[in-house]
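These are the residues of each chain, in order.
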2 protein chains.
Amino acid sequence: MSVTTPSGFTAQGAAAGFKSTGARDLALVVNNGPLDVAAAVFTANRAKAAPVLFSERVVADGRARAVVLNSGGANCFTGEQGSSVTERTAQLTAEAIGAESRDVVVCSTGLIGEQLPVERFEAAVPALAAELADTDAAGIAAAEAIMTTDTVPKTAVYRGAGWSVGGMAKGAGMLAPGLATMLVVLTTDAVADAAELDAALRASTRVTFDRLDSDGCMSTNDTVVLLASGASDQTPGSAALQEAVTAVCADLARQLLHDAEGASHDIEIEVVGAVSEDEAVEVGRSCARSNLLMTAIFGNDPNWGRVLAAIGTTSASFDPYDVDVTFNGVRLCTKGGPDRPREECDLTPRRTHILIDLHAGERAATILTNDLTHDYVHENSAYSS
Amino acid sequence: MSVTTPSGFTAQGAAAGFKSTGARDLALVVNNGPLDVAAAVFTANRAKAAPVLFSERVVADGRARAVVLNSGGANCFTGEQGSSVTERTAQLTAEAIGAESRDVVVCSTGLIGEQLPVERFEAAVPALAAELADTDAAGIAAAEAIMTTDTVPKTAVYRGAGWSVGGMAKGAGMLAPGLATMLVVLTTDAVADAAELDAALRASTRVTFDRLDSDGCMSTNDTVVLLASGASDQTPGSAALQEAVTAVCADLARQLLHDAEGASHDIEIEVVGAVSEDEAVEVGRSCARSNLLMTAIFGNDPNWGRVLAAIGTTSASFDPYDVDVTFNGVRLCTKGGPDRPREECDLTPRRTHILIDLHAGERAATILTNDLTHDYVHENSAYSS
């Protein structure tokens with residue numbers, strides 16, 4: 001039920017000493033072929049961590065044999081020393097599995113601006129590689145090893161006819177993509193070329209992870225990588241592959257949302273009646289990023305005025321006095337004015353739905369976000385991350 | 001020490017019943033001439049409240065006789081009924097002071113999406129006008145009447161040679177400009193024409209209120225209005241007038257910052273070495289809007305990695321590996337990597353200074369903001385506003 005579900009993949013997780021708690025903090029996912037096709041998307045933040053800069057070069061040729069990931073340190077803003085730690089990690093992994101270091105993707109997550117002790121990789125990587133397995137337990141161990149403030153490991157699978165897609169993810173701070181770093185590894189045993197993989201991955205992330213906006217903070221380390229082994233000998237084709245990858249990404253995105261730091265409401269902001277999908281996304285994102293709206297929802301207050309105030313900061317086509325806003329099925333605002341009394345709306349359930357009709361066009365998009373809570377402030381002020 | 005300090009102005013504040021607490025909630029500032037020159041800037045939010053839409057028309061001709069302001073209700077998203085309440089308020093004020101309603105600026109602040117009871121204006125405005133005075137006490141009463149979640153009234157003055165500028169402000173949620181609504185009334189007895197006033201006001205707000213970004217939320221009601229009576233018979237000229245207005249606006253902006261909802265740190269983000277002033281502002285604003293950075297400062301954690309991650313989301317010219325970051329005088333990051341240990345930096349004082357050197361050019365700008373605290377979440381989740 002994880003990255004090891006598709007044929008041709010082994011994985012494992014272990015404790016290498018990066019986390020002071022002694023929990024698992026080093027994960028390895030290996031593609032045993034016959035194919036070694038790969039695609040990846042990385043954070044759009046211009047301040048990228050050392051492993052992101054390294055891994056961008058690794059996947060540039062559309063090939064990768066393995067992904068090695070550590071929690072307990074982001075290896076970001078760590079200068080030349082940080083780059084050499086990443087290179088050494090790839091080299092150690094390559095040696096342990098019989099590959100080239102230019103075919104090893106490296107991911108790190110945790111506190112920014114601290115050096116990772118290279119000797120911990122030296123001690124742990126060979127032992128980890130020796131324990132690689134294709135079992136469910138091994139896949140779960142890998143998913144556990146990438147957790148930081150996550151409270152549960154996150155895995156998902158999609159089963160096709162004789163082939164499958166598996167995945168694991170971590171991320172709890174968040175996600176625009178987010179600073180506490182989203183890392184996702186996806187595997188498939190389908191037969192596909194690099195261009196197909198890349199197209200499927202980009203189409204999937206555009207409508208899943210890219211529409212998850214928990215706290216508006218964009219990470220320095222975010223990485224989503226998709227590996228194809230071809231071990232199923234099935235060639236589902238671009239459309240089926242994209243559908244499968246999107247299903248797994250959507251499942252993982254909802255798990256990330258549900259486990260977001262300190263959240264008490266999982267919020268779906270559905271924007272309809274937009275001139276374009278991009279404008280629908282812009283409107284949804286402006287609401288997701290409004291601290292005033294997100295604290296109101298924490299207080300179970302369906303404050304639709306804050307929705308309209310957020311929309312008013314966008315450049316989307318709309319007339320403020322032709323907008324309808326519905327919270328959990330109760331239309332509180334019609335044509336930019338009060339409709340039903342807000343007392344009729346119950347925001348106590350964790351799942352919250354906000355429907356915004358711009359009455360400007362025919363396009364729609366949904367953004368997923370969380371409320372802004374005391375626990376968010378606590379988690380992000382009491383601990384460095 | 002307020003709007004009544006410059007000659008030619010009277011003011012007053014009273015309780016009209018908009019606030020359930022019985023506190024003052026209606027203010028009036030009247031320009032008794034001989035001049036009635038006026039300039040104003042309004043929220044850039046495209047969803048503007050009824051009084052903003054009305055007042056934009058009032059000041060379009062560069063003239064105004066009075067400003068009437070209420071707290072206890074923003075009169076925003078209130079449809080035609082809301083517009084007629086604003087018009088009626090201007091009419092009542094005009095009748096009470098012997099002016100035309102097209103020369104009365106109207107401002108409202110409080111909860112969005114609720115109707116204001118027009119009968120309270122009808123009962124209170126004539127009585128308020130009868131109590132107008134040019135005393136300090138009257139000016140303070142007016143400043144108190146516009147408070148919402150503000151904990152103190154905010155006033156400031158600048159004294160020139162034989163002339164002066166006075167001001168009052170409210171705003172505590174905030175300010176990009178902000179949803180809990182910033183309202184500012186400035187008065188001067190200098191002789192100036194409408195073009196001079198407008199130029200002085202825009203130049204001043206650009207470097208004061210526009211650089212205050214407490215929670216990134218933009219108000220539907222923000223208004224800054226400047227009235228000139230000419231009663232001093234002094235003509236200071238554009239440069240001196242602009243300097244005086246900027247001084248009063250900067251003073252009021254710092255008072256707003258200091259009283260921001262739930263804040264425990266007043267943060268000055270100074271960006272130097274930028275290619276342009278606009279890029280310096282963009283970089284400072286990206287930091288001010290990072291919830292992760294603002295919660296870290298609440299926790300007294302000088303998390304410079306979150307500074308670089310915020311800068312990385314901008315389009316400003318910079319090399320992440322050539323940026324220096326200094327917290328309260330301790331340089332923690334040099335060339336995008338760790339410098340001094342973060343333990344050397346003390347963030348317990350309320351005043352916090354973050355210096356960011358982009359090493360890309362010669363321009364600079366400073367953004368003022370607050371940390372993101374439990375009290376902010378509490379104030380904005382427990383009460384509608």
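Residues numbered from 1 in each chain as written. Chains lettered and ligands numbered in written order. Predicted model: local features only at pLDDT ≥ 70, side-chain atom pairs only at ≥ 80, totals over all residues.

1. Digging into the overall build of chain A
And step 1. Secondary structure summary: chain A contains 10 helices and 15 strands in total.
And step 2. A globule of 385 residues ought to have a C-alpha radius of gyration of about 21 Å, and chain A, at 21 Å, matches this closely.
And step 3. Taken along its principal axes, the extent of the C-alpha atoms in chain A is 65 × 45 × 35 Å.
And step 4. Taking all 385 residues of chain A together, the buried fraction comes to 64%. (Helix = DSSP H or I, 4+ residues; strand = E, 2+ residues; numbered from the N terminus. Rg over C-alpha atoms; globule rule 2.2 N^0.38 Å. Buried ≥ 20, exposed ≤ 12 C-beta atoms within 10 Å, placed from the backbone.)

2. So, unusual backbone geometry
And step 1. Cis rather than trans, the peptide bond between glycine 33 of chain A and proline 34 of chain A has omega equal to 15°.
And step 2. Its place among the elements puts proline 34 of chain A in the loop between β2 (26-31) and β3 (37-42).
And step 3. Residues other than glycine seldom take positive phi values, yet phenylalanine 77 of chain A does so here, at roughly 60°.
And step 4. Position of phenylalanine 77 of chain A among the secondary structure elements: in the loop between β4 (66-70) and α2 (79-97).
And step 5. Positive phi outside glycine occurs at asparagine 75 of chain B, with the angle close to 50°.
And step 6. With respect to the helices and strands, the residue asparagine 75 of chain B is situated in the loop between β4 (66-70) and α2 (79-97).
And step 7. You can call asparagine 75 of chain B buried: it has 30 C-beta atoms within 10 Å.

3. Quick look at the sheet that holds strand β10 (residues 266-274) of chain A
Strand-to-strand pairing in sheets goes through backbone hydrogen bonds, with the strands running parallel or antiparallel.
All names here are of chain A.
And step 1. Within the open sheet, the six strands sit side by side as β13-β12-β11-β14-β10-β15. Their pairing is mixed. With one partner strand each, in any of the chains shown, β13 (337-338) and β15 (363-370) form the two edges of the open sheet.
And step 2. Sheet topology note: the strand β11 (residues 324-327)/strand β14 (residues 351-357) ladder contains four bridges and is antiparallel. Bridged to valine 325 within β14 is isoleucine 356.
And step 3. The sheet contacts of helix α7 (residues 277-288) involve β10, β14 and β15, and relative to β15 the element is tilted by about 25°. (Pairing = 2+ DSSP bridges. Contact = placed C-beta atoms within 7 Å. Axes fitted to C-alpha atoms, helices over the stretch in contact; angles between N-to-C directions.)

4. Focus: helix α9 (residues 304-311) of chain A
All names here are of chain A.
And step 1. Counting buried positions over the eight residues of α9 gives eight, a clear majority of the element.
And step 2. Among the residues making up α9, those that are buried are Trp304, Gly305, Arg306, Val307, Leu308, Ala309, Ala310 and Ile311.
And step 3. On its buried face, α9 sits against α7, α8 (291-298), β11, β12 (330-334) and β14.

5. Concerning the relation of the copies chain A and chain B
And step 1. Least-squares fitting of chain A to chain B yields an RMSD of 0.0 Å, with the transformation described by 0.0 Å of translation along the axis and a rotation of 180°. When the rotation and shift are considered jointly, the pair of chain copies conforms to a two-fold rotation axis. Identified as the residue of chain A closest to the rotation axis by C-alpha distance is histidine 374 of chain A, at 2.8 Å.
And step 2. Looking at chain A, 100% of its interface residues are interface residues in chain B too, so the copies touch through the same face. (Least-squares fit on C-alpha atoms with pLDDT ≥ 70 in both.)

6. What about the nonpolar core?
And step 1. In this structure, Leu28, Val29 and Ala142 of chain A together with Leu28, Val29 and Ala142 of chain B are the most contacted members of the largest nonpolar core, which totals 264 residues.
And step 2. In this structure, alanine 142 of chain A is in contact with Val3, Ala11, Gln12, Gly13, Ala27, Leu28, Val29 and Met168 of chain A, ignoring residues within four places of it in sequence. (Core = buried A, V, L, I, M, F, W, Y, C linked by C-beta atoms within 7 Å.)

7. A word on the interface of chain A and chain B
And step 1. Contacts between chain A and chain B engage 46 residues on the former and 46 residues on the latter.
And step 2. Elements that contribute at least two residues to the side of chain A that touches chain B include exactly α8, α9, β13 and α10 (374-382) of chain A.
And step 3. At six residues, α9 of chain A tops the list of elements feeding residues into the side of chain A that touches chain B.
And step 4. When its residues are assigned to classes, the side of chain A that touches chain B shows 20 nonpolar, 22 polar and four charged. (Nonpolar A, V, L, I, M, F, W, Y, C, P; charged D, E, K, R; others polar.)

8. Details of the pairing of strand β10 (residues 266-274) of chain B
All names here are of chain B.
And step 1. As paired elements, β10 and strand β14 (residues 351-357) share seven bridges and run parallel to each other. If you follow glutamate 268 over to β14, its bridge partner there is histidine 353.
And step 2. Of the strand pairs in this sheet, β10 and strand β15 (residues 363-370) are connected by seven bridges, and their pairing is antiparallel. Across the sheet, the residue bridging to alanine 274 is arginine 363, located in β15.

9. A look at the pairing of strand β8 (residues 183-188) of chain A
All names here are of chain A.
And step 1. Where burial is concerned, most of β8 is hidden: six out of the six residues are buried.
And step 2. Burial along β8 is two-sided: the residues Leu183, Val185 and Thr187 and Val184, Leu186 and Thr188 are all buried.
And step 3. Sheet topology note: the strand β7 (residues 164-170)/β8 ladder contains six bridges and is antiparallel. Bridge pairing links methionine 168 to valine 185 in β8.
And step 4. Examined bridge by bridge, β8 and strand β9 (residues 223-228) share six bridges and lie parallel to one another. The residue bridging leucine 186 from the neighbouring strand is leucine 226, located in β9.

10. As for the packing of helix α1 (residues 50-58) of chain B against α2 of chain B
All names here are of chain B.
And step 1. Relative to each other, α1 and α2 sit at 50°, their axes nearing to 8 Å. Classed by the angle they form, the pair α1 and α2 counts as oblique. The handedness of the crossing between α1 and α2 comes out as right-handed. Together, Ala50, Pro51 and Phe54 of α1 and Gly82, Ser83, Thr86, Glu87 and Ala90 of α2 make up the contact between the two elements.
And step 2. Among the residues making up the contact of α1 with α2, the classes are represented as four nonpolar, three polar and one charged. (Parallel < 35°, antiparallel > 145°, perpendicular 65-115°, else oblique. Left-handed = near helix turned anticlockwise from the far one by under 90°.)

11. Side note on the domain arrangement of chain A
Residues and elements named next belong to chain A.
And step 1. For chain A, the assigned domains read domain 1 (9-258) and domain 2 (266-382).
And step 2. Using C-alpha coordinates to define each centre, domain 1 is positioned 32 Å away from domain 2.
And step 3. Taken residue by residue, the interface counts nine residues in domain 1 and 12 residues in domain 2.
And step 4. Grouping the amino acids of the side of domain 1 that touches domain 2 by side-chain chemistry returns three nonpolar, four polar and two charged. (Domains from an automatic or database assignment.)

12. Focus on the sheet that holds strand β8 (residues 183-188) of chain B
Residues and elements named next belong to chain B.
And step 1. As summarised here, the arrangement of the five strands in space is β3-β9-β8-β7-β6, forming an open sheet in which the pairing is mixed. Bordering the open sheet on either side are β3 (37-42) and β6 (154-159), each of which pairs with just one other strand. On average, each strand axis in the sheet is tilted by 10° relative to the strand beside it, whichever way the strands run.
And step 2. Together, β6 and β7 (164-170) form the strand contacts of helix α4 (residues 136-145), whose direction differs from that of β6 by roughly 135°.
And step 3. Strand contacts of helix α5 (residues 194-207): β3 and β9 (223-228), with the helix running at about 30° to β3, the strand carrying the most contacts.

13. Some details on the environment of serine 2 of chain B
Residues and elements named next belong to chain B.
And step 1. Tracing the chain through its elements places serine 2 in the segment before β1 (9-14).
And step 2. A sequence separation of 138 residues divides serine 2 from isoleucine 140, and the C-alpha atoms of the two residues are 6.8 Å apart.
And step 3. Those residues within four positions of serine 2 in sequence are excluded, and the remaining contacts are Asp136, Gly139, Ile140, Ala143, Thr155, Gly166 and Met168.

14. Comments concerning the environment of alanine 60 of chain B
And step 1. Relative to the helices and strands, alanine 60 of chain B is located in the loop between α1 and β4.
And step 2. Measuring from C-alpha to C-alpha, the distance between alanine 60 of chain B and alanine 40 of chain B comes to 8.9 Å, with 20 residues separating the pair along the chain.

15. Looking at α5 of chain B
Residue and element names in this part refer to chain B.
And step 1. Compared with the 20 Å implied by 1.5 Å per residue over 14 residues, the 20 Å span of α5 between its first and last C-alpha is a close match.
And step 2. Along α5, the residues classified as buried are Glu196, Leu197, Ala200, Leu201, Ser204 and Thr205. Mapping the buried residues of α5 onto a view down its axis gives an arc of 145°, with all of them on the same face.
And step 3. Buried residues in α5 make contact with β3, β9 and α6 (238-258). (Expected span 1.5 Å × (residues − 1). Arc of directions from axis to C-beta.)

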